[in-house]
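Examination of the molecular architecture
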Amino acid sequence: MKKTNKKVIATAMAAIMTISAFGTASAISTSALSTQGTAQAHASQKAETPQTPASTSKLNTLAKTYVFTCKGQTKQGYDWDYTANNNNIKVKCEYNFKTHTYKFKFTGKAKGATQMNFKYRANDKTWVKVPMNFKVDAQKNIMRTK
């Protein structure tokens, strides 16, 4: 009877060790998969960094270009001018002679803040003054704050 008990105990121990080893291997495998999934989730979050829009006409919105649109007509078509305390912004004007619409595009040339006294002609006798403040970041994105 002692020999039989030893065989039964040895068989039971072998079965317990096999089940235990299988369970440990499953736990390690599951843990590795969940870690991999977490790394993939972090990678996708890093890839979703917000992009700066190409242009905006809104105040306090960062973009590559700030666009200001207005109407006016002179005998010669259009007229505009500005003075600024800083030279870190470039201004371009597109004028539509059919609709008498100015479309000004402001872009950043260098990091800094600018106070601008901007004006355009609504007609031959009237200058429209538009004070503007801008901030330009290190990537030359621009934001009109006033």
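Turning to the sheet that holds strand E3 (residues 80-84), a few remarks are in order. Sheet architecture is open: four strands sit in the order E3-E6-E7-E8, paired in antiparallel fashion. In this open sheet, the two strands that pair with only one neighbour each are E3 and strand E8 (142-144). Adjacent strand axes in the sheet meet at a mean angle of 30 degrees when their direction is disregarded. With ten bridges joining them, strand E6 (residues 112-121) and strand E7 (residues 127-136) adopt antiparallel strand pairing.

So, about the sheet that holds strand E5 (residues 101-108). The mixed open sheet is built from four strands, whose spatial order is E1-E2-E5-E4. Both edges of this open sheet fall to strand E1 (55-56) and strand E4 (89-96), since each of them pairs with a single strand only. Here eight bridges tie E4 to E5, and the two strands are oriented antiparallel to one another. Within E5, the position partnered with Tyr95 by the bridge is Tyr102.

Looking at soluble globular proteins, one finds that nonpolar side chains tend to be buried together. The biggest cluster of nonpolar side chains holds 17 residues, and the ones touching the most others in it are Phe68, Phe104, Phe106 and Phe118. At the level of secondary structure, the elements contributing two or more residues to this core comprise strand E2 (65-71), E4, E5, E6 and E7. With four residues, E7 is the largest single contributor of residues to this core. Excluding residues that lie within four positions of it along the chain, Phe104 makes contacts with Tyr66, Val67, Phe68, Cys70, Trp80, Val91, Lys92, Cys93, Phe118 and Tyr120.

Reading the values: the criteria
Residues numbered from 1 in each chain as written. Predicted model: local features only at pLDDT ≥ 70, side-chain atom pairs only at ≥ 80, totals over all residues. Heavy atoms only, no water. Pairing = 2+ DSSP bridges. Helix = DSSP H or I, 4+ residues; strand = E, 2+ residues; numbered from the N terminus. Axes fitted to C-alpha atoms, helices over the stretch in contact; angles between N-to-C directions. Core = buried A, V, L, I, M, F, W, Y, C linked by side-chain atoms within 4.5 Å. Buried < 20%, exposed > 50% of the residue type's maximum accessible area, 1.4 Å probe, protein only. Contact = heavy atoms within 4.5 Å.

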